[in-house]
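So you can see what is in the structure, the chains are spelled out below.
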Amino acid sequence: MRRIVIVGAGLTGLSAAYHLCARGAEPMVLERSGTVGGACRTLTREGFHFDLTGHLLHLAREESHELLRALGVRGALRPHRRRAGIALAGTVTPYPIQINTYRLPREIRRECVLGFVEAHARASGRGEAPASFAAWALDRFGEGFARHFFLPYNRKLFCTDPAELTTEWVGRYVPRPEVADVIAGAFGLYRTPVGYNAAFLYPKVGGIQIVADALARSLPAVRLGCQVRSVRLGAREVELESGETLGWDALVATAPLSHLAAMTADLPAAARAAAARLRAVAVVNLNLGVRGPAPRREHWLYVPEERFPFYRVGIPSNHGRVAPPGCHTLSVEVSVPAGAPVPAGLRERCLAGLAELGLLRDAGDVAVVEEVRLDPAYAIFDAVRPAAVAALRDAFRAAGVTVAGRWAEWKYSTMEDALWDGAAVARRLAR
Ligand SMILES: Cc1cc2nc3c(=O)[nH]c(=O)nc-3n(C[C@H](O)[C@H](O)[C@H](O)COP(=O)(O)OP(=O)(O)OC[C@H]3O[C@@H](n4cnc5c(N)ncnc54)[C@H](O)[C@@H]3O)c2cc1C
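A brief structural summary. (Residues numbered from 1 in each chain as written. Predicted model: local features only at pLDDT ≥ 70, side-chain atom pairs only at ≥ 80, totals over all residues. Heavy atoms only, no water.)

For the ligand, the set of nearby residues contains 35 residues, the closest of which are Thr12, Glu31, His55, Leu56 and Met415. With respect to the ligand, the backbone of Leu11 contributes an N or O atom lying 3.2 Å from an oxygen atom. Within the backbone of Thr414, one N or O atom sits 3.2 Å away from an oxygen atom of the ligand. Here the ligand loses 94% of its free accessible area of 1000 Å² to cover by the protein chains. Mapped onto the shell around the ligand, the elements with two or more residues apiece are α1 (11–22), β18 (366–379) and α12 (415–430). Its residues assigned to classes, the shell around the ligand comprises 16 nonpolar, 14 polar and five charged. In this structure, the shell around the ligand is formed jointly by two domains, domain 1 (4–78 + 204–278 + 382–430) and domain 3 (280–379), each of which donates at least three residues. (Near = heavy atom within 4 Å. Polar contact = N/O pair within 3.5 Å; in protein donor to acceptor, adjacent residues only side chain to side chain. Areas by Shrake-Rupley, 256 points an atom, 1.4 Å probe, with all protein chains shown as cover. Helix = DSSP H or I, 4+ residues; strand = E, 2+ residues; numbered from the N terminus. Nonpolar A, V, L, I, M, F, W, Y, C, P; charged D, E, K, R; others polar. Domains from an automatic or database assignment.)

Structural data, given as structure tokens:
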């Protein structure tokens, strides 16, 4: 039988193994961590369950529900309609801002609506899309929306000048309304839910880990605590931290592309040069278990203003039972360049920012703090990314390695995508 080795037991690796097993293969999954799930893990501390930042299942495909049913986990998930807001100019207005300016101060509201109408009058959206995200945001949404939300928010999230970002990723993530919708939104009259994340599923009890656990239960074995130290393409081997060497006929790599390149001893020089061009940000995620009721009803808030260190704050206990009775949880997300140290005093600045936004009444109410880091968290979509990713993907594929998943393909994608990326790998290897 062909030896198939899968590096990583996140949703992509687990799903690849699950679908390979269904086709009669016997893949070996190697996971460096002590638990499965990758970015979709849940940490439990003193009765609080913390996901690694908000992890909500936005399902666009009917077969995803079928897969979750087959895994026996669909019944454990509850549907929700998004309650998200944007904290801006001392107030909170519902997300998305394009159709919800009505709670903003009048001057900002006027700038947003006027800018949108002016952009529309310039025939925006009907010509060729501008190459940079900054130009695209101005062209599609106008001066006000760009200045108050799109530019500062994305500058903070990607730690990058929005003029350096491209627009390949915006399609499903940034909805563009009609003029009538923007005007309705300025009066609080727009009601239809929009965007890829308007609805979601989340476990009734506990965190998102249950999805990965359900996949892992269906597999014969996952080797945990098993870090791959190096990959040798010519010899078709991986070497583990323990010194053990494993041969493979097909390798599925779900570790970040930049890490994979660094650990591959005999990667062609052109591919190694391409890896040096990949850029990403890491997310420092401060999880707080807090005594008392949640300060607001939203599931999460976007925070574009520069004076706050975080770009988003979640209130996960508003959509799941993740805190002991009488308590709630906050999930604070801060971007830093991949590999960069956590800025000094970050935790104190986050707590002060939460207090200023009315999200933390008293620092003395914080019962548990759990800081985690996702690194990389967001690939930076810049002009060099497409060619660099293609060069690496092709070099690996030529050597029998399939790169799959959000970080191995250096893309922006969801848990649902990871489940189907894994299924696609199984189909390809079965051919
Ligand atoms: C901040 C943030 C918020 C998100 N929110 C959502 C959301 O709300 N909804 C949603 O659908 N998606 C969300 N996502 C996306 C989601 O997390 C990913 O799409 C999904 O987790 C990708 O899974 P993966 O298996 O490809 O990668 P991973 O989960 O990273 O899995 C890769 C695995 O490989 C292992 N590994 C790495 N190197 C080695 C090695 N050398 N040896 C052995 N094992 C190794 C890692 O430990 C890891 O377990 C979010 C992502 C981020 C960053």
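Now for a nonpolar patch on the surface. Taken together, the side chains of Val117, Ile183, Phe187 and Leu189 define a hydrophobic patch exposed on the protein surface, amounting to about 390 Å² of accessible area. The partly exposed category is assigned to Val117, whose relative accessible area is 34%. (Patch = residues over 30% accessible without salt bridge, like charges linked within 9 Å, V, L, I, M, F, W, Y side chains within 5 Å. Salt bridge = Lys/Arg side-chain N within 4 Å of Asp/Glu carboxyl O. Buried < 20%, exposed > 50% of the residue type's maximum accessible area, 1.4 Å probe, protein only.)

Here the structure, examined in full by the defined rule, presents 24 salt bridges. We note a salt bridge from Arg385 to Glu168, for which the minimum N-O separation is 3.1 Å. Of the two residues, Arg385 is situated in helix α11 (residues 385–398) and Glu168 in the loop between α4 (133–158) and α5 (170–173); the sequence distance between them amounts to 217 residues. Taking the shortest distance from any N to any O, the salt bridge between Arg393 and Asp394 comes out at 3.6 Å. Exposure remark for Arg393: the relative accessible area of 34% places this residue in the partly exposed category. Connected through salt bridges with shared partners, the residues Arg229, Arg232, Glu237, Glu239 and Glu241 form a single ionic network.

Inspection of the secondary structure assignment puts Thr329 in strand β17 (residues 327–337). Taking relative accessible area as the criterion, Thr329 reaches 1% and is therefore assigned buried. Excluding anything up to four places from it in sequence, Thr329 contacts Phe48, Phe50, Leu288, Gly314, Ile315, Pro316, Ser317, Val322 and Ala323. (Contact = heavy atoms within 4.5 Å.)

With that out of the way, let us pick up the sheet that holds β18. One open sheet holds the seven strands; their spatial order is β7-β6-β15-β16-β17-β14-β18, and the pairing between them is mixed. Each edge of the open sheet is held by one strand with a lone partner, namely β7 (91–94) and β18. Taken over all neighbouring pairs, the strand axes of this sheet differ in orientation by 25 degrees on average, direction set aside. As judged from the eleven bridges shared by strand β14 (residues 280–291) and β17, these two strands associate in the antiparallel manner. Pairing of Val281 across the sheet is with Pro337, part of β17. (Pairing = 2+ DSSP bridges. Axes fitted to C-alpha atoms, helices over the stretch in contact; angles between N-to-C directions.)

The next subject is unusual backbone geometry. A cis amide bond links Tyr95 to the next residue, Pro96, at an omega of -5 degrees. With respect to the helices, strands and loops of the structure, Pro96 is situated in the loop between β7 and α3 (106–121). The peptide bond linking Asp375 to Pro376 adopts the cis configuration, its omega dihedral lying at 0 degrees. Tracing the backbone shows Pro376 in strand β18. We note that Thr53 has phi near 65 degrees; this positive angle belongs to a residue other than glycine. Given a relative accessible area of 7%, Thr53 falls into the buried group.

Right, let's get into the packing of helix α2 (residues 62–70) against α12. One can describe the packing of α2 onto α12 by two numbers: an axis separation of 11 Å at closest approach and a directional angle of 75 degrees. In terms of orientation, α2 lies roughly perpendicular with respect to α12. Here Glu63, Ser64 and Leu67 of α2 come into contact with α12, specifically with Glu416, Leu419 and Trp420. Considered class by class, the residues forming the contact of α2 with α12 number three nonpolar, one polar and two charged. (Parallel < 35°, antiparallel > 145°, perpendicular 65-115°, else oblique.)

End to end, α11 covers 20 Å across 14 residues, agreeing with the expected 20 Å (1.5 Å per residue, within 8%). Gly400 lies just past α11 and shows a positive phi near 90 degrees. (Expected span 1.5 Å × (residues − 1).)

Two strands pair when backbone bridges link them, and strand β6 (residues 84–88) and β7 are joined in this way by four bridges, in the antiparallel orientation. Bridging across to β7, Gly85 finds its partner in Pro94. The turn joining β6 and β7, which pair antiparallel and follow one another in sequence, is formed by two residues; a positive phi near 55 degrees is taken by Ala89.

You can see Tyr378 is positioned in strand β18. Under the relative-accessibility criterion, Tyr378 is labelled buried at 10%. Filtering out sequence-adjacent residues up to four positions away, Tyr378 remains in contact with Leu157, Phe158, Ala280, Val281, Val283, Tyr311, Arg312, Arg406, Trp407 and Tyr412.

Mapped onto the elements, Glu416 comes out in helix α12. Look at Glu416: it is buried, it has no salt bridge, and the nearest opposite charge is Arg61 at 5.3 Å. Ignoring anything within four residues of it in the chain, the contact list for Glu416 reads His58, Leu59, Ala60, Arg61 and Ser64. (Lys, Arg positive; Asp, Glu negative; His and termini not counted.)

This part takes up the nonpolar core. Residues Leu11, Leu57, Val231, Val238, Tyr378, Leu392 and Phe396 are the most contacted members of the largest nonpolar core, which totals 123 residues. With 13 residues, α4 is the single largest residue contributor to this core. When residues no more than four places from it in sequence are discounted, the contact partners of Leu11 are Gly37, Cys40, Val211, Ala212, Leu215, Met415, Ala418 and Leu419. (Core = buried A, V, L, I, M, F, W, Y, C linked by side-chain atoms within 4.5 Å.)

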